[in-house]
Amino acid sequence: MSWNLNRRGFLGGAAALAMPPPLALAQEARATRWAYLVPGFTVLIARTIAAKGLPGRFGLNLASPTEYSTVSTYYNDFAAGNYDVCIGSWDVFAARQQAGVPIRLLCTITTADMILVLTGDRSVRGIEDLRGKTLAAAQSTGTYRMVSGLIRERYNMEVGKDITVQGVDNPAAAVTLVMANRAEAGLSWEPNISAGLKRRSDLRVIFNAGEAYREMNQATLPYFGVAVRNDWAERNPQAVAQVRQVFEACIAGINADPQEAVRSVGSATGFPPEVITDSLTSKRLSFRFGPMTDASERDAVVKAGEFLKRNGLVQRSVDQDFFITS
């Protein structure tokens with residue numbers, strides 16, 4: 001399969017036919033729509049899936065992914081039903097689902113260890129030193145809300161009150177402000193962090209969200225996952241299983257040979273290949289596949305959901321209706 005990853009490109013099946021087929025055939029013919037966010041590691045996922053020919057291997061009719069550069073638009077378009085499968089922060093999916101958006105979680109693919117706070121200010125040695133200082137962050141993201149809760153519980157500090165927030169449109173911009181000395185610290189995730197460390201040797205990581213959660217809860221905090229639209233899933237149960245297989249094979253391939261995965265992507269992620277390689281080999285970016293067909297993986301999300309609920313990040317506890325279990 002050869003893909004052209006143009007902005008908002010997609011493949012249409014039934015629309016090209018002169019005479020519309022029966023409904024069942026039209027549903028089968030329509031390619032599964034998905035998207036990715038640039039710059040960022042989701043491009044690594046998309047390019048690996050293409051390079052390895054994974055949709056064809058598992059019989060999935062997968063469209064060319066739509067490209068987004070703004071986090072809020074990326075999630076809002078998924079909520080609006082403009083595409084079927086979304087890679088994103090699972091807590092955003094949980095909050096949207098509880099607000100009435102018809103989506104469910106298929107799997108997780110990373111832990112929160114890739115969420116970090118970076119600083120170039122010599123006076124800042126830890127989160128406590130950010131009191132009265134500025135943190136650059138993309139406030140529309142689940143990452144921002146999740147880290148705000150972790151800082152509240154661990155340090156008894158309020159982000160936005162004890163720590164001033166400089167809002168940005170995407171996670172890369174948070175690192176850019178730190179590098180320009182316009183914020184004492186920046187909240188972001190890989191590979192943005194590795195890109196900053198590569199360009200300025202004086203930058204340091206002062207907070208790891210995954211580590212903080214583990215120390216407080218003796219458990220792993222899931223982070224990026226894959227969610228699907230309910231209407232699409234109900235119409236395409238076979239495709240649901242195929243999407244799960246595609247992501248499992250993708251993650252396994254990246255973990256088995258990170259350098260080959262980076263070579264296949266080149267600079268398409270928006271980062272130099274050496275930056276992606278560093279993020280993987282340093283383990284700041286670590287992929288882990290967790291299917292929601294596995295009860296233990298669901299339990300990890302449910303437990304993390306209690307943390308979110310305590311901090312007002314979701315309306316209620318995460319229940320089994322949130323998961324795709326078959």
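### Quick word on the overall build of the protein
Of regular secondary structure, the protein possesses 14 helices and 11 strands. The C-alpha atoms of the protein give 20 Å as radius of gyration, which agrees with the globular expectation for 326 residues (20 Å, within 12%). Counting only C-alpha atoms and orienting by the principal axes, one finds that the protein spans roughly 70 × 40 × 30 Å. Taken across its 326 residues, the protein has 55% of its residues classed as buried. Summed over all atoms, the accessible surface of the protein reaches about 13600 Å², with 46% contributed by carbon and sulfur. Mean positive and mean negative side-chain charge positions of the protein (35 and 31 charges, respectively) differ by 2 Å.

### Section: the side chain of Asp-113
Note that Asp-113 resides in the loop between strand 4 (103-110) and strand 5 (115-119). Judged by its relative accessible area of 15%, Asp-113 is buried. Within the structure, Asp-113 has its side chain in polar contact with the side chain of Arg-214 (distance 2.7 Å). When near neighbours in sequence (up to four residues on either side) are disregarded, Asp-113 contacts Asn-208, Gly-210, Glu-211, Arg-214 and Arg-284.

### A few points about the layout of surface pockets
In this structure, the second largest pocket occupies an estimated 160 Å³ of space. Lining the second largest pocket we find Ala-172, Val-175, Thr-176, Met-179, Asn-192, Ala-195, Gly-196, Lys-198, Arg-199, Phe-271, Pro-272 and Val-275. When contributions to the lining of the second largest pocket are tallied by element, the ones reaching two or more residues are helix 7 (171-179) and helix 8 (192-199). Looking at the lining of the second largest pocket residue by residue, the class counts come to 7 nonpolar, 3 polar and 2 charged.

### Observations concerning empty space enclosed by the protein
Tallying each qualifying case throughout the model produces 4 cavities of 30 Å³ or more. Considered as a void within the structure, the largest cavity measures approximately 120 Å³ in volume. Lining the largest cavity are 17 residues; nearest its centre among them are Leu-37, Thr-42, Tyr-75, Trp-189 and Phe-224. Residue assignment for the lining of the largest cavity shows that the elements contributing at least two residues are helix 4 (71-79), strand 3 (85-89) and helix 6 (142-155). In terms of residue count, the dominant contributor to the lining of the largest cavity is helix 4 (3 residues). Here the residues of the lining of the largest cavity sort into 11 nonpolar, 6 polar and no charged.

### Considerations on the environment of Val-318
Among the secondary structure elements, Val-318 is positioned in the segment after helix 14 (295-310). Val-318 sits in the buried class, given a relative accessible area of 6%. Here the alpha-carbon distance between Val-318 and Val-43, two residues 275 residues apart in the chain, equals 29 Å. Beyond its immediate stretch of four places on either side in the chain, Val-318 contacts Trp-90, Ala-94, Gln-98, Val-301, Val-302, Gly-305 and Phe-323.

### So, the confidence of the model for the protein
Scored by pLDDT, the protein comes out at a mean of 89, with 91% of its residues at no less than 70. Every residue in residues 1-28 is under pLDDT 50, and counting partners more than four places away or in other chains gives 42 contacts.

### Side note on the sheet that holds strand 3
In space, the 4 strands of this open sheet follow the order 3-10-4-11, with antiparallel pairing throughout. The outermost strands of the open sheet, each flanked by one partner alone, are strand 3 and strand 11 (287-291). Here the average twist between neighbouring strands, direction ignored, is 30 degrees. Most of the contacts of helix 4 go to strand 3, to which it runs at about 135 degrees, and overall it touches strand 3, strand 4 and strand 10 (224-229). Lying over the sheet, helix 11 (residues 237-256) contacts strand 3, strand 4, strand 10 and strand 11, oriented at roughly 155 degrees with respect to strand 11.

### Structural notes on helix 2 (residues 42-51)
Every α-helix winds through 3.6 residues per turn, so residues three or four apart in the chain are directed the same way. Most of helix 2 sits inside the fold, with 8 of its 10 residues counted as buried. Burial in helix 2 covers these residues: Thr-42, Val-43, Leu-44, Ile-45, Ala-46, Thr-48, Ile-49 and Ala-50. Gly-53 lies just past helix 2 and shows a positive phi near 60 degrees.

### What to know about unusual backbone geometry
That bond from Glu-190 to Pro-191 is cis: its omega, 5 degrees, falls within 30 degrees of zero. Position of Pro-191 among the secondary structure elements: in the loop between strand 8 (185-189) and helix 8. For Asn-181, which is not glycine, the phi dihedral falls at a positive 60 degrees. Residue placement: Asn-181 occurs in the loop between helix 7 and strand 8.

### Considering the sheet that holds strand 5
Taken in spatial order, the 5 strands make up an open sheet running 7-6-8-5-9, and their pairing is mixed. Single-partner strands in this sheet number two, and they are strand 7 (164-167) and strand 9 (204-208). Pairwise comparison of adjacent strand axes, ignoring direction, gives a mean angle of 30 degrees for this sheet. Sheet strands in contact with helix 6 are strand 5, strand 6 (134-137), strand 7, strand 8 and strand 9, and its direction is about 120 degrees off that of strand 8.

Definitions and limits used
Residues numbered from 1 in each chain as written. Predicted model: local features only at pLDDT ≥ 70, side-chain atom pairs only at ≥ 80, totals over all residues. Heavy atoms only, no water. Helix = DSSP H or I, 4+ residues; strand = E, 2+ residues; numbered from the N terminus. Rg over C-alpha atoms; globule rule 2.2 N^0.38 Å. Buried < 20%, exposed > 50% of the residue type's maximum accessible area, 1.4 Å probe, protein only. Areas by Shrake-Rupley, 256 points an atom, 1.4 Å probe, with all protein chains shown as cover. Lys, Arg positive; Asp, Glu negative; His and termini not counted. Charge placed at Lys NZ, Arg CZ, Asp CG, Glu CD. Polar contact = N/O pair within 3.5 Å; in protein donor to acceptor, adjacent residues only side chain to side chain. Contact = heavy atoms within 4.5 Å. 1 Å grid on protein atoms, 1.4 Å probe; cavity = no way out; pocket = protein on both sides within 12 Å on 5 of 7 lines; lining within 4 Å. Points joined across faces, edges and corners; volume = space filled by probe spheres on them. Nonpolar A, V, L, I, M, F, W, Y, C, P; charged D, E, K, R; others polar. pLDDT = per-residue confidence, 0-100. Pairing = 2+ DSSP bridges. Axes fitted to C-alpha atoms, helices over the stretch in contact; angles between N-to-C directions.

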